[in-house]
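Structural overview
Below are the chains, spelled out letter by letter.
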Amino acid sequence: MKRKIGVFDSGIGGKTTLTEIMKLLPHENFIYYADSKNNPYGEKTDNELFDIVCNIVDYFISIDVKMIVIACNTATTRCIKFLREKYKDMLFVGTEPAVKVACDNNYNNTLVMATPLTVHSDRLNDLIEDNIKNNENIILISCDGLANAIENNNEEKINFILHSLLDKYIDKNIDAVVLGCTHYPLVKDRIQDILKDSVLIDGNIGVAKRVKQLLTENNLLNDSNEDGSVEFITSKKE
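About the thresholds
Residues numbered from 1 in each chain as written. Predicted model: local features only at pLDDT ≥ 70, side-chain atom pairs only at ≥ 80, totals over all residues. Heavy atoms only, no water. Phe/Tyr/Trp six-rings, centres within 6.5 Å; stacked < 30°, edge-to-face > 60°. Helix = DSSP H or I, 4+ residues; strand = E, 2+ residues; numbered from the N terminus. Buried < 20%, exposed > 50% of the residue type's maximum accessible area, 1.4 Å probe, protein only. Lys NZ or Arg CZ within 6 Å of the ring centre and 35° of its normal. Pairing = 2+ DSSP bridges. Right-handed = clockwise from strand over helix to strand, strands pointing away. 1 Å grid on protein atoms, 1.4 Å probe; cavity = no way out; pocket = protein on both sides within 12 Å on 5 of 7 lines; lining within 4 Å. Points joined across faces, edges and corners; volume = space filled by probe spheres on them. Nonpolar A, V, L, I, M, F, W, Y, C, P; charged D, E, K, R; others polar. Polar contact = N/O pair within 3.5 Å; in protein donor to acceptor, adjacent residues only side chain to side chain. Core = buried A, V, L, I, M, F, W, Y, C linked by side-chain atoms within 4.5 Å. Contact = heavy atoms within 4.5 Å. Salt bridge = Lys/Arg side-chain N within 4 Å of Asp/Glu carboxyl O.

Further remarks concern the packing of aromatic side chains. Here the structure, examined in full by the defined rule, presents six aromatic pairs. Relative to phenylalanine 60, the ring of phenylalanine 8 lies with its centre 6.5 Å away and its plane at 45°, an arrangement referred to as tilted. Here phenylalanine 60 lies in helix α2 (residues 46–62) and phenylalanine 8 lies in strand β1 (residues 5–9), a separation of 52 residues in the sequence. Assessed through its relative accessible area of 0%, phenylalanine 8 is described here as buried. Between tyrosine 33 and tyrosine 59 the ring centres are 6.3 Å apart and the planes differ by 45°, which places this aromatic pair in the tilted class. One end of the pair, tyrosine 33, is in strand β2 (residues 30–34); the other, tyrosine 59, is in helix α2, with 26 residues separating them in the sequence. Three or more aromatic residues joined by ring pairs form one cluster here, namely Phe8, Tyr33, Tyr59 and Phe60. Over the aromatic face of phenylalanine 232 sits the side chain of lysine 15, whose NZ or CZ is 4.9 Å from the ring centroid.

Okay, here's the thing in C-alpha cells:
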C-alpha cells in the first residue's frame, strides 16, 4: 500500500496548500485533516495548541504517513520546533508567511497579513530581520477574526474586516501583500479588489517545492504513474 502524506489545518484554509502540493506531485496520496473542532488555533495557549497538534500527529503516525505538512502558519510558528524535537523520525514541512519572496523581489512597501499570534511570533520577526533590505518597508497587519470568518463563510464579517484593515492603505503605494495564513488565499480576489495595484503573495508554492525536495532526498517519492488520491477527514464541532 502506498504511504500517504498527512496534511492538516484548523479548518478549510490548508486546502489551498494541499492544492499546490497536488499540482506538483499528482501521483502522491494524501490525507487531509481539517481540525474544525478546535478552530481557531489562534485563541489557544501554547500548551493547548501543542496538545491539539500532537494528537493529530499521533493519528497520522498511527496510519503510517510518510510526511506531515502543517498547512497552518499559526501552528507552524508556534509548534514545529517542538514537534521536530518530539517526533525525530517524522518529516515535517511547515507553512510560513512568504516574507523572503517579497524581499527577494525588492518590493518597497509590503503588507504582511497574518493572525495576531503569527504577527507577534518570534519566527515572523526573525524572517523579517533575516531578509529585509535597507530600502524595504514591511508593515504587519494583525487580522483578528478573519480566518474564523472565512472558515464560517461569514461574508458580511469578511468584508467588514478586510475593509477596516486595508482601506487605509489604498493610496499608500503598497507593492505587495503577503497572505500569511492559509485561509487568506480563499478571499484573495476581495483583497485584490481593495488593493488593486498590489501583488499578492502566498507561500503555498514554496511549501509544495519543499515537500517534493524532502521526499526526493529521503527516497520517498511515489514512483507510480497512477493518479494520486486524497482523503478528507474532519474533527467535529461539539
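More follows now that the structure is in view.
The next subject is the pairing of strand β3 (residues 67–70). Of the two faces of β3, the one lined by Met67 and Val69 and the one lined by Ile68 and Ile70 are each fully buried. Direction of pairing for β3 relative to strand β4 (residues 92–93): parallel, over a ladder of two bridges. Its bridge partner lying in β4, valine 69 is registered against valine 93. Considered for its hand, the β-α-β crossover made up of β3, helix α3 (residues 73–86) and β4 is right-handed.

Attention shifts here to the layout of surface pockets. Volume-wise, the largest pocket comes out at about 520 Å³. Gly94, Glu96, Gly206, Val207 and Arg210 are, among the 23 residues lining the largest pocket, the residues nearest its centre. Those elements that provide at least two residues to the lining of the largest pocket are α3, β4, α4 (99–104), α6 (122–131), β8 (199–202) and α10 (204–217). Considered class by class, the residues forming the lining of the largest pocket number eleven nonpolar, five polar and seven charged.

To continue, consider the side chain of threonine 16. Of note, threonine 16 is situated in helix α1 (residues 15–24). Given a relative accessible area of 13%, threonine 16 falls into the buried group. One polar contact links the side chain of threonine 16 to the main-chain carbonyl oxygen of glycine 13, over a distance of 2.8 Å. A distance of 3.2 Å separates polar atoms of two side chains, one belonging to threonine 16 and the other to asparagine 204.

This part takes up the pairing of strand β7 (residues 176–179). The alternating pattern of β7 places Ala176 and Val178 on one face and Val177 and Leu179 on the opposite face, and all of these are buried. Pairing between strand β5 (residues 109–114) and β7: four bridges, direction parallel. Bridge assignment links threonine 110 to a residue of β7, and that residue is alanine 176. Following the chain from β7 across helix α9 (residues 188–194) to the adjacent parallel β8, one finds a crossover that is right-handed.

Moving on to the nonpolar core. Counting 23 residues, the largest nonpolar core has Leu111, Met113, Leu146, Leu162, Leu166 and Tyr184 as the members making the most contacts within it. Going through the elements one at a time, β5, α7 (146–151), α8 (155–166), β7 and α9 are the ones with two or more residues in this core. For this core, the leading source of residues is α8, giving five residues. Not counting residues up to four positions away in its chain, the partners in contact with leucine 166 are Leu111, Met113, Ile141, Ile191, Ile194 and Leu195. By size, the runner-up hydrophobic cluster in this structure holds 22 residues, among which are Val65, Cys72, Leu83 and Tyr87.

All right, on to α1 then. Given 3.6 residues per helical turn, the α-helix brings residues three or four places apart onto the same face. Listed as buried for α1 are Thr16, Thr17, Leu18 and Ile21. The inward-facing, buried residues of α1 abut β1, β2, β3, α10 and β9 (230–234).

Counted under the stated rule, the structure contains ten salt bridges. For lysine 100, the salt bridge identified is with aspartate 104, shortest N-O distance 2.7 Å. With lysine 100 and aspartate 104 both in helix α4, this residue pair falls four residues apart, about one helical turn. Glutamate 136 is the partner of lysine 133 in a salt bridge, and the nearest nitrogen-oxygen pair spans 3.7 Å. Given a relative accessible area of 8%, glutamate 136 falls into the buried group.

Function cannot be inferred from these measures alone, as they are strictly geometric.
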